[in-house]
Amino acid sequence: MKNKRPFGSELSKVQRVELDACTQCGECLKVCPVQQVTGRPEISPPEKIRMFRELIRETDGLKSKIFGEGNIDPKLFQDLTTALYECTVCGACGQSCPVGLFNQRLWPVLRKEMVKRGLAPVGAQGDMPQKVKDTGNPYAEPADKRYSPWFPDNVSVADKADIAYYAGCTGAYYAKPMVRGDVLVLNAIGEPFTMLPPEEEVCCGFPLFITGQHGLLKDLTQRLVAAYKARGVKTLVCSCPCCVNIMARDWPVFYGKALPFRIRHITQFADDALKKGKLRIKKGLSERIIYHDPCYLSRGVGVIAEPRSILKNIPGIELLEFDRHGVNSRCCGAGGAARKVFHENAVAMGRLTIDEAVGKKADKLVLSCPACYEKVNEAMKGHDKQIKIVDIMELVSELL
Amino acid sequence: MDKILTIAAYVSCAIFLVRFVWHAVSWLRAERRPFTGAGAERLSAGSAVNALLDMIFFRRLFRTNRALWIASWAFHISLLFIALRHVWYFMDPVPEFIIFIEPAGIKAGYVLPFSLVLLLLLRAAAGRDRYVSQYNFFLIAVLFIISVTGLLMGILFQPDILDVKDFVSGILAFEPYALPDSTLFVVHFILVIVLIPFLPFHLITAPVITMEARRREDGLDMVMHEK
């Protein structure tokens, strides 16, 4: 394959240096969830970096500049594409990296490089941009079903308000108890909040970003930011870790300047309300519960203390921790948009989470991510170990 | 032989320099893309101190694998002292600092081969030797032989130190001098010039990324906890 753009063109300066900084020590394999369920070293983080370096050498190395670009073995492209897309992009490898590579950001950019060369994405991921263009969400679900199946009847939404709630596509269509809980908690806090009409609340761009398909990101960001700005929003609240991640980290880049509002995860907002006395948990719960940190909430944006603070506010509860928690949490299998393509891996990873929760004798497994919610519930089906799964706001809303 | 090895030394260093410059240009040529993320934009004084400690003491590795940390840190620190001690052979007069670290440099000569063996054993014991690239094995093997030949020259079969200094100084001054009459030295020297072109760039880039990781991780709290 010949292409005038050398490999690595999409990388920033730091990422270019990161590629050369990997010592290939293999320490990351100990924490890679894909390695845990597949045991295939050829799709491991150091292998991805080694293959990518090889492609840079082949297309931008000194030898290729002197003697011309040779014919690259198509298997190398195929192997790298598989390795990049089978990954859940959870970033645990970077967190444990003895050098400190920021892999949660590096892998999506390498994926973007593969997309630009027509080598990716894989499977159903390729239809996402068109689905988002046609329907506003990556699942091609109808806009009129975005809120109606779950939105509580007794809750009203303001036309304009300082606070806005963004439900997100995965939550709205596949984790309905979760987004319903969000709205019930927001309502209980008592401050007016606004929401965009369902046809205007389009995809935040994360599924496109994470699969390397960046074509629509600027447009989506600008549409959403303009819509919230027009409603006078000062704080945008969302419960999806992937959405808040792209909003906080990337929207300013695609928008071209600082956002006119701040981004808050629902647990941050609810914890603040609890501390200020605006929200009160009245009922108790005599149960052992275990909280799973979503990768893009903990490692991604550092929201770790607030979910725990909320849960500790529930009278009678005993809060347990996974062995790997906080910034070191283990992916539940839902990450990286890999769950739709590499379904078996995702289910196996979800079962590791379930098994550990059951092993610790937890009564409930508490989540705070719609993708985790969907995938771990799916992993439970037909599994020999069972545990009650609940979203954190779903749980809180039942105790108000 | 004298001339061949002298020319080979120049070629070896030239290859490394060309490789390095080519890589450095590729780093500089990469686009300055906006950093996707809020959080700390610059390294605070506290983070800078921590970053320095991370780099010097490999604290990230210490967190993930204590045994590998011992082997790896012992390897790097002993290699550093040995490299500094070798300045003795290049400079006249020898700087005070080099004379000062000489005893540590000699002890490091004993530590280096053991640290390399420990590194290999740890990889094998972890069952992850499949993940170590052939390139890494090659580096470790070459370094091991260099360290053993160096150690043997230090304690058992010492070459004429003045001949060694004249030979090495001659290369640096572009005035070739006769090769010392020591087979161990010849093997040691050949392997060093074989190693130089293959030196990994992570020697330079890993500390930069470790510093960047500290800045990023210390700034994580500011991504969504800004006022």
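For the structure, see preceding data.
Note that the structure is a prediction, hence the values are computed from the model and not measured. (Residues numbered from 1 in each chain as written. Chains lettered and ligands numbered in written order. Predicted model: local features only at pLDDT ≥ 70, side-chain atom pairs only at ≥ 80, totals over all residues.)

(A) How the structure looks around the environment of His 292 of chain A. Residue and element names in this part refer to chain A. One can find His 292 in the loop between strand E5 (288-291) and helix H16 (295-301). Distance from His 292 to Val 185, taken between C-alpha atoms, is 20 Å for residues 107 residues apart in sequence. Setting aside its immediate chain neighbours within four residues, His 292 contacts Phe 322, Ser 329, Cys 332, Thr 353, Leu 365, Leu 367 and Cys 372. (Helix = DSSP H or I, 4+ residues; strand = E, 2+ residues; numbered from the N terminus. Contact = placed C-beta atoms within 7 Å.)

(B) Structural detail: the interface of chain A and chain B. On the side of chain B, 40 residues touch chain A, which itself brings 42 residues to the contact. When contributions to the side of chain A that touches chain B are tallied by element, the ones reaching two or more residues are helix H1 (13-21), helix H3 (45-60), helix H13 (241-249) and strand E4 (262-265) of chain A. At 7 residues, the largest contribution of residues to the side of chain A that touches chain B is made by H1 of chain A. Considering only residue class, the side of chain A that touches chain B consists of 20 nonpolar, 10 polar and 12 charged. (Nonpolar A, V, L, I, M, F, W, Y, C, P; charged D, E, K, R; others polar.)

(C) How the structure looks around the packing of helix H2 (residues 45-57) of chain B against helix H9 (residues 202-219) of chain B. All names here are of chain B. Interhelical geometry of H2 versus H9 gives an angle of 140° and a closest axis separation of 9 Å. In terms of orientation, H2 lies oblique with respect to H9. By crossing handedness, the relation of H2 to H9 is classed as right-handed. Across the interface between the two elements, Ser 47, Asn 50, Ala 51, Asp 54 and Met 55 from H2 touch Pro 207, Thr 210, Met 211, Arg 214, Arg 215 and Asp 218 from H9. Residues of the contact of H2 with H9, tallied by class, amount to 4 nonpolar, 3 polar and 4 charged. (Axes fitted to C-alpha atoms, helices over the stretch in contact; angles between N-to-C directions. Parallel < 35°, antiparallel > 145°, perpendicular 65-115°, else oblique. Left-handed = near helix turned anticlockwise from the far one by under 90°.)

(D) Just the sheet that holds strand E2 (residues 193-194) of chain A, in detail. All names here are of chain A. Here we have 4 strands laid out as an open sheet, ordered E2-E1-E3-E4, and parallel in their pairing. Because the sheet does not close on itself, it has two edges, and the strands there are E2 and E4. By the bridge criterion, 4 bridges tie strand E3 (residues 235-238) to E4 in an arrangement that is parallel. If you follow Val 237 over to E4, its bridge partner there is Arg 264. (Pairing = 2+ DSSP bridges.)

(E) How the structure looks around helix H6 (residues 134-155) of chain B. Residue and element names in this part refer to chain B. Taking 1.5 Å of rise per residue, the 22 residues of H6 would be expected to cover 32 Å, and the 32 Å separating its terminal C-alpha atoms lies within 8% of that figure. For H6, the set of buried residues is Asn 136, Leu 143, Ile 146, Ser 147, Thr 149, Gly 150 and Met 153. The secondary structure elements touched by the buried residues of H6 are helix H5 (96-126) and helix H8 (183-195). (Expected span 1.5 Å × (residues − 1). Buried ≥ 20, exposed ≤ 12 C-beta atoms within 10 Å, placed from the backbone.)

(F) Expanded view of helix H15 (residues 266-275) of chain A. Residues and elements named next belong to chain A. Taken as a whole, H15 has its buried residues at Ile 266, Thr 267, Gln 268, Phe 269, Ala 270 and Asp 271. Buried positions along H15 lie against helix H10 (176-189), E3, E4, helix H17 (305-312) and helix H20 (392-398). Note on H15: the residue one or two positions beyond its end, Gly 277, has a positive phi of about 80°.

(G) Quick look at the nonpolar core. Judged by nonpolar contacts, the single largest core of 134 residues is most densely connected at Cys 243 and Met 247 of chain A. Counting 14 residues, the second largest nonpolar core, distinct from the first, contains Leu 61, Phe 81, Val 111 and Leu 112 of chain B. (Core = buried A, V, L, I, M, F, W, Y, C linked by C-beta atoms within 7 Å.)

(H) Structural detail: the sheet that holds strand E6 (residues 318-321) of chain A. Residues and elements named next belong to chain A. The parallel open sheet is built from 4 strands, whose spatial order is E6-E5-E7-E8. The open sheet terminates on both sides in strands that have one partner only, identified here as E6 and strand E8 (388-391). Taking each pair of neighbouring strands and ignoring which way they run, the sheet shows an average axis angle of 35°. Relative to E6, E5 runs parallel, the two being bridged by 4 bridges. Bridge pairing links Arg 288 to Glu 318 in E6.

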